[in-house]
Amino acid sequence: MIIDPIGDLLTRIRNAYLARIEEVKVPYSKIKSDIAKILKKNKYIADFEVVTDDNNKKSIMLTLNNVRTTKYVPTLKRISKPGQRIYVWSKDIKKSRNGQGIYILSTPKGVVTGYEARSLNVGGEVLCEVY
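Per-chain numbering applies: the sequence of each chain, read as written, is numbered from 1 onward. Whole-chain, interface and lining totals are the exception, using all residues; otherwise, since this is a predicted model, local features are given only for residues with pLDDT of at least 70 and side-chain atom pairs are given and counted only at 80 or more. Side-chain numbers come from the whole structure's heavy atoms, not from hydrogens or water.

## Some points on the pairing of strand β1 (residues 23–27)
Then, in step 1: Of the two faces of β1, the one holding Val24 and Val26 is buried and the one holding Glu23, Lys25 and Pro27 is not buried anywhere.
Then, in step 2: When DSSP finds two or more bridges between a pair of strands, those strands are recorded as paired. Helix and strand definitions here come from DSSP, where helices need a minimum of 4 consecutive H or I residues and strands a minimum of 2 consecutive E residues; each element is numbered from the N-terminal end. Here β1 pairs with strand β3 (residues 58–63) via five bridges, running antiparallel. Of the residues in β3, the one forming a bridge with Glu23 is Thr63. Burial classes follow relative accessibility: with a 1.4 Å probe on protein chains only, a residue under 20% of its type's maximum area counts as buried, one over 50% as exposed, and anything between as partly exposed.

Dropping the structure here:
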């Protein structure tokens, strides 16, 4: 049983980059799909696809960026944990690593980046930081 599904997603992506594996399969959930959409939009992963196996169980197949040719491994850091949730107001959202990274937040408007949350003037739970 997985206690922290978002932390598990980030760890699987990080381990796949370190092992130079091009595709990663993770169990499906809506929030993981939204996080994958943000990672694709910001070019931290190449693509993702929701697949269904023989038992009608959904999974997300993530395709990583050219892991064979690059030595770049994005840092995926979980901020809000199940034991300690971290919430911020819209005015308290800062730039991640001087604008080099992104924060991913869960807000009433959905799962968005820190820049989008600030422009929408909404706060929420800081899920993770990617840089």
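Text resumes after the structure shown.
## Focus: the side chain of Asp4
Then, in step 1: Here Asp4 shows up in the segment before α1 (5–19).
Then, in step 2: Contacts described as polar in this section are N or O atom pairs within 3.5 Å, which, within protein, must combine one atom able to donate a hydrogen with one able to accept it, while residues neighboring in sequence count only if both atoms come from side chains. Polar contacts involving the side chain of Asp4 include one to the side chain of Arg78, which spans 3.0 Å.
Then, in step 3: Setting aside chain neighbours within four positions, we find Asp4 in contact with Arg78 and Pro82. Here, residues are in contact when the closest pair of their heavy atoms is within 4.5 Å.

## Let's talk about α1
Then, in step 1: The first and last C-alpha atoms of α1 sit 21 Å apart over 15 residues, in line with the 21 Å expected at 1.5 Å per residue.
Then, in step 2: Every buried residue belonging to α1 is among Ile6, Gly7, Asp8, Leu9, Leu10, Ile13, Ala16 and Tyr17, and all of these are buried.
Then, in step 3: On the buried face of α1, the contacting elements are β1, α2 (30–41), β3, β4 (76–78) and β8 (124–130).
Then, in step 4: Arg20 lies just past α1 and shows a positive phi near 60°. Expected span of a helix, by definition, is 1.5 Å for each gap between consecutive residues, and there is one gap fewer than residues.

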